[in-house]
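Letter by letter, the chains look like this.
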Amino acid sequence: PQRLPVATRAVLITGCDSGFGKETAKKLDSMGFTVLATVLELNSPGAIELRTCCSPRLRLLQLDLTKPGDISRVLEFTKAHTTSTGLWGLVNNAGHNEVVADAELSPVATFRSCMEVNFFGALELTKGLLPLLRSSRGRIVTVGSPAGDMPYPCLGAYGTSKAAVALLMDTFSCELLPWGVKVSIIQPGCFKTESVRNVGQWEKRKQLLLANLPQELLQAYGKDYIEHLHGQFLRSLRLAMSDLSPVVDAITDALLAARPRRRYYPGQGLGLMYFIHYYLPEGLRRRFLQAFFISHCLPRALQPGQPGATPSQDAAQDPNLSLGPSPAVAR
């Protein structure tokens, strides 16, 4: 497919402390782009790595997407430093998730924090940069998630924010067509980014969830239930891919292809997953996601022998639902 020359193109990438953002910043810098890379901490290991291994063209900017002051500062800097080159692309990569649990067990604050970064942060930054992107007839690339397209177990807070940002980007895609701005969404499979590998961080979050859970919910679901979800989540992460280059290549293609795709799906098994989601019955879709990601066990209140325990007919017939407190992994 036809590629545009890099020339003097400038690109702003968010979330470059680690993972896809850091690797994309390195790749685009090596290709000759002028990269404006935002990081949460200017002295984070990722920021230091970018400073060390990239060209003097790369600029590091501190940005917390939940802080309007940070966003305003980045917008001003970008306008001032792209007067000669223009701004060719924005890569909305920064993402946030702090809970892996049923929606009922997830505090409303976790839904808000996911929305603040994954939706409102991306919205505010994109809107602020649109005058520059319209002038250059440039590109907007946003890293979404398959969890925004289908109901992954225990990713309600994260998935709903990713669904919202995907719809927003589809809206921008239609509205910006007359201006020549092209919009793409990257829906990656499971990759071993630093946040995925940080098992200690997920352990702390699980302990925090248990410590703050209302007594009534702890009684109904049981500590074993949450421990089981946590174990299943960590098991699924072991299947994650170490090589981040499929995502970096998709972002690069979205920035430089003469006709970029609206959606990119880098990662193994996504084609099968979307086929099952769109074409097979609801029961099979649910079982596939449970076997692939997190397979629930029965909440304590529904286990045999508990007063008034009557699992629903669907639950009783579900082969992926274990009835014991410490179930075997469903495959």
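The coordinates are above.
First, a word on what this report is: a plain description of the structure on this page. (Residues numbered from 1 in each chain as written. Predicted model: local features only at pLDDT ≥ 70, side-chain atom pairs only at ≥ 80, totals over all residues. Heavy atoms only, no water.)

### Here we look at the packing of helix α4 (residues 108–136) against helix α5 (residues 156–175)
Defined as follows: Each axis is a line fitted through C-alpha atoms, and for a helix only the stretch in contact is used; angles between axes span 0 to 180 degrees, taken between their N-to-C directions. Helix and strand definitions here come from DSSP, where helices need a minimum of 4 consecutive H or I residues and strands a minimum of 2 consecutive E residues; each element is numbered from the N-terminal end. Between 65 and 115 degrees an angle is taken as roughly perpendicular, under 35 as roughly parallel, over 145 as roughly antiparallel, and anywhere else as oblique. By convention, the crossing between two helices is left-handed when the near helix turns anticlockwise from the far helix through less than a right angle, and right-handed when the turn is clockwise. Here, two residues are considered to be in contact whenever any of their heavy atoms come within 4.5 Å of each other. Under the convention adopted here, Pro, Cys and the residues Ala, Val, Leu, Ile, Met, Phe, Trp and Tyr are nonpolar, Asp, Glu, Lys and Arg are charged, and Gly plus all remaining residues are polar.
Viewed as axis vectors pointing N to C, α4 and α5 meet at an angle of 20°, and their least axial separation amounts to 7 Å. Considering their axes alone, α4 and α5 lie roughly parallel with respect to each other. Handedness of the crossing formed by α4 with α5: right-handed. Each of Thr 110, Phe 111, Cys 114, Met 115, Asn 118, Phe 119, Ala 122, Leu 123, Thr 126, Lys 127 and Leu 130 in α4 lies in contact with α5, whose residues at this interface are Gly 156, Ala 157, Tyr 158, Thr 160, Ser 161, Lys 162, Ala 164, Val 165, Leu 168, Met 169 and Phe 172. Class assignment for the residues of the contact of α4 with α5 results in 14 nonpolar, 6 polar and 2 charged.

### Quick notes on the packing of aromatic side chains
How we decide: Within 6.5 Å between ring centres, the rings of Phe, Tyr and Trp (the latter by its six-membered ring) count as paired, and their orientation is classed by plane angle as stacked under 30 degrees, edge-to-face over 60, tilted in between. Summary of the burial criterion: residues with accessible area below 20% of their type's maximum are buried, those above 50% are exposed, and those between are partly exposed, where the area comes from a 1.4 Å probe applied to protein chains only.
Considering all chains together, one arrives at 9 aromatic pairs under this definition. Look at Phe 119 and Phe 120: their rings are 4.9 Å apart centre to centre, the planes differ by 80°, and that puts the pair in the edge-to-face class. For Phe 119, a relative accessible area of 15% corresponds to the buried category. Between Tyr 265 and Tyr 274, the aromatic rings sit 4.8 Å apart at their centres with planes inclined by 65°, giving edge-to-face as the arrangement.

### Some remarks on the pairing of strand β5 (residues 139–143)
Basically, it comes down to this: Here, any two strands with at least 2 DSSP bridges between them count as paired. Think of it like this: strands point away, you trace from the first strand over the helix to the second, and a clockwise trace means the crossover is right-handed.
The buried count for β5 comes to 5 of 5 residues, which makes it a mostly enclosed element. Where β5 lies against strand β6 (residues 182–186), 5 bridges are found, and the strand directions are parallel. Within the sheet, the bridge partner assigned to Val 141 lies in β6 and is Ser 184. A crossover connection joins β5 to the parallel β6 through α5; in handedness this β-α-β unit is right-handed.

### Topic: the environment of Glu 116
Take Glu 116: it is sitting in helix α4. Judged by its relative accessible area of 35%, Glu 116 is partly exposed. Between the alpha carbons of Glu 116 and His 96 there is a distance of 9.0 Å; along the sequence they are 20 residues apart. Ignoring sequence-local partners within four residues, the contact set of Glu 116 consists of Leu 65, Thr 66 and Gly 121.

### Observations regarding the pattern of salt bridges
Rules: Counted as salt bridges are all cases of a side-chain nitrogen of Lys or Arg within 4 Å of a carboxyl oxygen of Asp or Glu.
Summed over all chains, the structure comprises 14 salt bridges. Of the charged contacts in the structure, one is a salt bridge between Glu 203 and Lys 206, with a shortest N-O distance of 2.9 Å. Taken as a pair, Glu 203 and Lys 206 lie in helix α7 (residues 199–212) at a separation of 3 residues, close to a single helical turn. Under the relative-accessibility criterion, Lys 206 is labelled buried at 8%. Between Lys 206 and Glu 227 there is a salt bridge whose closest N-O contact spans 2.8 Å. A residue pair is termed long-range when its members are at least 10 positions apart, and Lys 206 in helix α7 and Glu 227 in helix α9 (residues 223–237) qualify at 21 residues. Among the residues examined, Glu 227 registers a relative accessible area of 25% and is labelled partly exposed. Sharing partners across several salt bridges, the network here consists of Lys 22, Glu 23, Lys 26 and Glu 49.

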